[in-house]
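Chain residues, written in single-letter form:
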Amino acid sequence: MEELKQCRLQQRNISATVDKLTLCLPVLEMYSKLREQMKSKRHYPALKTLEHLEHTYLPQVSHYRFCKIMVDNIPKLREEIKEVSMSDLKDFLESIRKHSDKIGETAMKQAQQQRNLDNIVSQHPRISGGKKSKKEVCASSDLEVKNTSPMSEQDSGILDVEDEDEDEEVPGAQDLVDFSPVYRCLHIYSVLGARETFENYYRKQRRKQARLVLQPPSNMHETLDGYRKYFNQIVGFFVVEDHILHTTQGLVNRAYIDELWEMALSKTIAALRTHSSYCSDPSLVLDLKNLIVLFADTLQGYGFPVNQLFDMLLEIRDQYSETLLKKWSGVFRNILDSDNYSPIPVISEEIYKKIVGQFPFQDAELEKQPFPKKFPFSEFVPKVYNQIKEFIYACLKFSEDLHLSSTEVDDMIRKSTNLLLTRTLSNCLQNVIKRKNVGLTELVQIIINTTHLEKSCKFLEEFITNITNVLPETVHTTKLYGTTTFKDARHAAEEEIYTNLNQKIDQFLQLADYDWMTMEPSSKASEYLVDLIGFLRSTFAVFTHLPGKVAQTACMSACKHLSTSLMQLLLEAEVRQLTLGALQQFNLDVEECEQFARSGPVPGFQGDTLQLAFIDLRQLLDLFIQWDWSTYLADYGQPTCKYLRVNPTTALVLLEKMRDTSRKNNVFAQFRKNERDKQKLIDTVAKQLRSLINSHHS
């Protein structure tokens, strides 16, 4: 019985031990599994194992000492999981900071491909479907992520989100990033009841990264790659945030994203304003505009509002116009400097058609003439005309993809073209006209050229209408001011011709060398004056292509200036005395001038209009040579007076010079009756002239 009792006791002990071990072994196995998961860095399953261990297994065996040790270790294990997952998150944040450039580049390539495809579809409407939009792709990836079990080891749901049927050359932006560390960390912190801490940490770190991304490099404006890298980083940042927004439940929300985007937009626009202002190359500004449009389209595809970027592009458009104007200023200068200012010679039908193709010119008479023949204008006319068209094309390029109406594009082109004509081209023409070494032939050709360019303005209007499809009759359509530019240039050239002619006349007059004491005149006009008249004849012969009034005004201006200069020569203070012989020689020169005026150097003058330029000199010389003082003094002040144009003051000055001559000519003149009588007559006339002058002043 004792043995049986002992045996039963052993059996009960064995049974109790088995029961206790049955309870303890799963705990130990679970703990071993936990350690294995921790070792293999499967932290989220480890956390789930820890929960089972803590809430299901350990309470059943809580009175054992090893269980108490386990219970004490659980908070430490939780903290260890927390720290390790946070470390993974930090690595992830550092990784996406480094790779945001590549992510953005990929996203922008996709946007470019989408835009190219849209253009093809718009051109060929039958090609439809087959390609998802960016948002549809995002939506499909969202669905995958939401359907993915958080228990999955690969719980990011990011890889292979693109439609397998799509033949995409560029990988999706999400393919470049493994988002699983974020999701694991989020799940772990959520399970640990510290989700809010995690959210705050994540947002704070991403805000810091956003500020770094939005800080442009100081030399960004130097190359297009500088801008491209800047945009890639910004796009990369917001592609990641957009993906996080759509694949997590509230880690980031729309308000947070909008706040970040507002900050990014203001900083980006400020940076672009600053850096684009340094750019003086229009092709770089145009490339920058295309890059900004792609940047805006990419982010718009992710649902970000980009209207402010397009508004800023309108500001850059004004700057682009300024850089174009500077560039074309140099183009026009080169054209005008290299021109030979001679009519374009044409030796064949082919060359004739080529020039007519470059510049709208029709002349039935010129077409009938045999080859070789000449266009009336020089080479700068078709060259300038074509450069104006090139400028219009350059303006049009900038307006593409800005979502502007055709009316706005038309208005922009017309305003820029007006600036080109009224400011840039006008200044270049004025500089050529005002150059010191510009000759009369060049000035004449400039007048002819600007006349033809003025006529071509209506064709430029048609050209703009054809490329914008906005009729010129449309309300508020800006008109071209080209006619004003060319008229102003022509008037300046005309004034320069008048000034230039007068300067040439002055140069000839400096060669005048009169012997004011000669007793006998020569039989012909002075040599310098014959040369001067010859120069004027050859000059006015060049004026045949000029508008009639210009040639007539130039001729009249030259004759008046010559007449005035000759009068000043006769009356200048340095000539203290002169003889009748000198006056007769001077008269021969004036007669040569009158003969030139009578010969009609420029057609269009009525009667003796041109001769009237010398009327003052003629009447003064006739009065002295004919010594017709009685008529002058008797008829003075009457409208029909023969010497109406002779001023008594002028006559007195000249008379004084002749009186001095009479006195000094012969010391014995006072003993000769004729000389004595002549001297008395001069004194009497001088006295009467003074009386006339005094009465006139009173």
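The structure contained in this document is the topic of the report that follows. Fair warning: this is a prediction, and the values are worked out from it, not measured in the lab. (Residues numbered from 1 in each chain as written. Predicted model: local features only at pLDDT ≥ 70, side-chain atom pairs only at ≥ 80, totals over all residues. Heavy atoms only, no water.)

**Observations regarding the pattern of salt bridges**
Side-chain pairs of opposite charge can arise where the charged atoms are in close proximity.
At step 1: Counting across every chain of the model gives 23 salt bridges.
At step 2: Note that Lys-487 and Glu-454 form a salt bridge whose closest N and O atoms lie 4.0 Å from each other. With Lys-487 in helix H17 (residues 482–509) and Glu-454 in helix H15 (residues 440–455), this pair connects stretches of sequence that are 33 residues apart.
At step 3: Taken together, the salt bridges that share partners define one network made up of Asp-410, Arg-414 and Glu-461. (Salt bridge = Lys/Arg side-chain N within 4 Å of Asp/Glu carboxyl O. Helix = DSSP H or I, 4+ residues; strand = E, 2+ residues; numbered from the N terminus.)

**Structural notes on unusual backbone geometry**
At step 1: The amide bond that connects Phe-371 to the next residue, Pro-372, takes the cis arrangement and shows omega of -5 degrees.
At step 2: Structurally, Pro-372 can be placed in the loop between helix H12 (364–368) and strand E2 (373–374).
At step 3: Here Tyr-341, not a glycine, exhibits a phi torsion of approximately 50 degrees, which is positive.
At step 4: Of note, the phi angle at Trp-627 is positive, near 50 degrees, even though the residue is not glycine.
At step 5: Its place among the elements puts Trp-627 in the loop between helix H21 (615–626) and helix H22 (629–635).
At step 6: Judged by its relative accessible area of 23%, Trp-627 is partly exposed. (Buried < 20%, exposed > 50% of the residue type's maximum accessible area, 1.4 Å probe, protein only.)

**Things to note about the packing of aromatic side chains**
At step 1: This model, assessed by the stated rule, comprises 30 aromatic pairs.
At step 2: Between Phe-231 and Phe-295, the aromatic rings sit 4.5 Å apart at their centres with planes inclined by 25 degrees, giving stacked as the arrangement. In this pair, Phe-231 is assigned in helix H7 (residues 224–247) and Phe-295 in helix H9 (residues 282–301), connecting sequence segments 64 residues apart.
At step 3: Centre to centre, the rings of Phe-540 and Phe-596 are 6.3 Å apart; their planes meet at 25 degrees, and the pair counts as stacked. (Phe/Tyr/Trp six-rings, centres within 6.5 Å; stacked < 30°, edge-to-face > 60°.)

**Examining the environment of Tyr-64**
At step 1: You can see Tyr-64 is positioned in the loop between helix H2 (43–57) and helix H3 (65–123).
At step 2: With a relative accessible area of 22%, Tyr-64 lands in the partly exposed category.
At step 3: Tyr-64 sits 40 residues away from Cys-24 along the chain, and the two C-alpha atoms are 9.1 Å apart.

**Focus on the environment of Tyr-230**
At step 1: Tracing the sequence through the fold places Tyr-230 in helix H7.
At step 2: Among the residues examined, Tyr-230 registers a relative accessible area of 2% and is labelled buried.
At step 3: The sequence separation of Tyr-230 and Val-213 amounts to 17 residues, and the corresponding C-alpha distance is 7.5 Å.
At step 4: With sequence-adjacent residues up to four places away left out, Tyr-230 is seen in contact with Val-213, Leu-214, Gln-215, Pro-216, Met-220, Lys-267, Thr-268 and Ala-271. (Contact = heavy atoms within 4.5 Å.)

**Observations regarding the nonpolar core**
At step 1: With 186 residues, the main nonpolar core has Phe-231, Ile-497, Leu-536, Phe-540, Leu-566 and Phe-586 as its most contacted residues.
At step 2: Residues in contact with Leu-536, not counting those within four places in the same chain, are Leu-501, Ile-505, Ala-558 and Phe-596.
At step 3: In terms of nonpolar packing, the next biggest core, distinct from the first, is built from eight residues, Val-27, Tyr-31, Met-70 and Ile-188 among them. (Core = buried A, V, L, I, M, F, W, Y, C linked by side-chain atoms within 4.5 Å.)

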